[in-house]
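# Structural characterization, general
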Amino acid sequence: MQNLLDKKISLIVILLSISIGSLIFFTQPYSQYAFGFEENFVVFQTGIISTDNQDYAISKDFETRIIQNGKIMRLSGITTTGESYYLYQKTVDGKIIVKGKILVNGVFIPIKYKEKIFEPEIPVEPETELIITTKLPQYTYARYPFTISVKVYDAEKNPQAKFEQQEGTLKNMFVNVTITNQFDKFVTSFSGITDSNGLFRGSYVIRENIDIPGKYNVNVTVDDGTSITSQSFTTFFRGDIRDYFDKTP
């Protein structure tokens, strides 16, 4: 009887914490819509939820929900070691914000997230007038889009290619992204021009049973008509998303 009472109390505490977290998260200002599908949860890129002190693997036991007409995404579930968690994700001015908590030994601990930015190694004297930096996922699952963000800068104004820097961005720059597989076979390419913030975004939906799981090369080329620069990055394509999250430790 006492165990049943303890479980009910724990459930009430979790629900109250989720409600309070939702209220705080929703009252913060936002300006952009989330992509609106579960594949865009950043935790699915690694399958890991992190705190300051430890990492936890998520299991197949999870639920997703889109809130406020797609502006906010909610994920809740159980880790492979039995901890309950919940988190909310939204995008503000191109920056991903994740807030949530995980229940560890009866105590709620904040979930931490740091977006991975690929910044190329830049020589002391840049060889071209253009510099690029990118954001792209480490992993992407079958039937979900691989999405890449590319920013183009004047090399003199942002010689170290810091993605978040506002000064020195270049608009109307032609960007081409080419993806090849581990056998150096062409998979796809897409292109466009940078916007007023020097930003270009493109995506490609991973084809199940066609794009085999493994390492893929992503080559980004930028051309302003007089100067060309390129960078190559590595990403990984995977199969069905739930096949990677097992309930057993």
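Counting restarts for each chain, with residues numbered from 1 along the sequence as it is written. Local features are withheld for residues below a pLDDT of 70 in this predicted model, meaning they are given only at 70 or higher, and side-chain atom pairs are given and counted only at 80 or more; totals for whole chains, interfaces and linings count all residues. To get the side-chain values, take all heavy atoms of the structure and skip hydrogens and water.

### Section: the sheet that holds strand β11 (residues 186-193)
Here is the rule: Strands qualify as paired when DSSP identifies two bridges or more between them. Segments assigned H or I by DSSP are reported as helices when at least four residues long, segments assigned E as strands when at least two residues long, and all are numbered from the N terminus.
Reading across from one edge, β8-β14-β13-β10-β11 is the order of the 5 strands in this open sheet, with mixed pairing throughout. One side of each edge strand has no neighbouring strand; the edge strands of this open sheet are β8 (139-140) and β11. As defined by bridge partners, β8 adjoins strand β14 (residues 228-237) across 2 bridges and the pair is classed as parallel. Each residue of the ladder has a partner; that of Thr 140, found in β14, is Phe 237.

### What to know about the environment of Tyr 144
Along the chain, Tyr 144 falls in the loop between β8 and β9 (145-154). Each C-alpha atom, one on Tyr 144 and one on Ile 241, is 9.0 Å from the other, the two residues being 97 residues apart in sequence.

### Quick word on the environment of Ser 59
The topology assignment puts Ser 59 in strand β2 (residues 55-67). Residues Ser 59 and Gly 77, 18 residues apart in the sequence, show an inter-C-alpha distance of 7.6 Å.

### Some points on the confidence of the model for the protein
Filter applied, for reference: The predictor reports its confidence for every residue as pLDDT, a score running from 0 up to 100. By definition in these notes, contact holds between two residues if any of their heavy atoms fall within 4.5 Å.
For the protein, mean pLDDT is 75; residues scoring 70 or higher make up 70% of the total. Across the protein, strand β10 (residues 174-180) holds the top mean pLDDT of 96, while helix α1 (residues 2-27) sits lowest at 47. Considering only residues more than four positions removed or in separate chains, one finds that residues 18-38, a stretch of pLDDT under 50, has 44 contacts. This stretch, residues 121-125, has a pLDDT under 50; its non-local contacts, to residues over four places away or in other chains, come to 4 contacts.

### Observations regarding unusual backbone geometry
For residues that are not glycine, phi is negative in most cases, and the peptide bond is trans in most cases. Under the convention used in this document: Burial here depends on accessible area, computed with a 1.4 Å probe over protein chains only, as a share of the maximum for the residue type. Under 20% is buried, over 50% is exposed, and the range in between is partly exposed.
A positive phi angle, near 55 degrees, is found at Asn 105, a position not held by glycine. For Asn 105, the position within the fold is in the loop between β5 (95-104) and β6 (107-110). For Asn 105, a relative accessible area of 77% corresponds to the exposed category.

### Looking at the pattern of salt bridges
Let me state the cut-off plainly: Salt bridges are defined by distance alone: a side-chain nitrogen of Lys or Arg within 4 Å of a carboxyl oxygen of Asp or Glu.
The full count for this structure, using the stated rule, is 2 salt bridges. Glu 208 is the partner of Arg 143 in a salt bridge, and the nearest nitrogen-oxygen pair spans 2.7 Å. With Arg 143 in the loop between β8 and β9 and Glu 208 in the loop between β12 (199-205) and β13 (214-223), the pair connects residues that are 65 residues apart, well separated along the chain. Of the residues examined, Arg 143 reaches a relative accessible area of 42% and is grouped as partly exposed. Linking Asp 211 and Arg 207 is a salt bridge whose minimum nitrogen-to-oxygen distance equals 2.8 Å. In this structure Asp 211 comes out as buried when scored by relative accessible area, which is 4%.

### Description of the sheet that holds β9
What counts is decided by this rule: Working convention: axes come from line fits to C-alpha atoms, limited for helices to the stretch in contact. Angles between N-to-C directions cover 0 to 180 degrees.
The strand order across the open sheet built from 3 strands is β7-β9-β12, with neighbouring strands paired in antiparallel fashion. Strands at the two margins of the open sheet, each flanked by one partner only, are β7 (130-135) and β12. Ignoring which end each strand starts from, the neighbouring axes of this sheet average 25 degrees apart. Sheet topology note: the β9/β12 ladder contains 7 bridges and is antiparallel. Within β12, the residue paired with Lys 151 across the bridge is Leu 199.

### Quick word on the packing of aromatic side chains
Two descriptors summarise a pair of aromatic rings, namely the distance from one centre to the other and the angle between the planes of the rings. Applicable threshold: Side-chain rings of Phe, Tyr and Trp, where Trp is taken by its six-membered ring, are said to pair if the distance between their centres is within 6.5 Å; with planes under 30 degrees apart they count as stacked, over 60 as edge-to-face, and otherwise as tilted. Working rule: Lys NZ or Arg CZ, within 6 Å of ring centre, within 35 degrees of ring normal, means a charge sits over the ring.
As enumerated under the stated definition, the model contains 6 aromatic pairs in all. Arranged with centres 5.7 Å apart and planes meeting at 40 degrees, the rings of Tyr 139 and Phe 236 form a pair that is tilted. Note that Tyr 139 is positioned in strand β8 and Phe 236 in strand β14, a separation of 97 residues in sequence. Using a relative accessible area of 31% as the deciding quantity, one classes Phe 236 as partly exposed. Ring pairs connect the aromatic residues Phe 146, Tyr 204, Tyr 216 and Phe 237, which therefore count as one cluster. In this structure, Arg 238 packs its charged tip against the face of Tyr 139, placed 3.7 Å from the ring centre.

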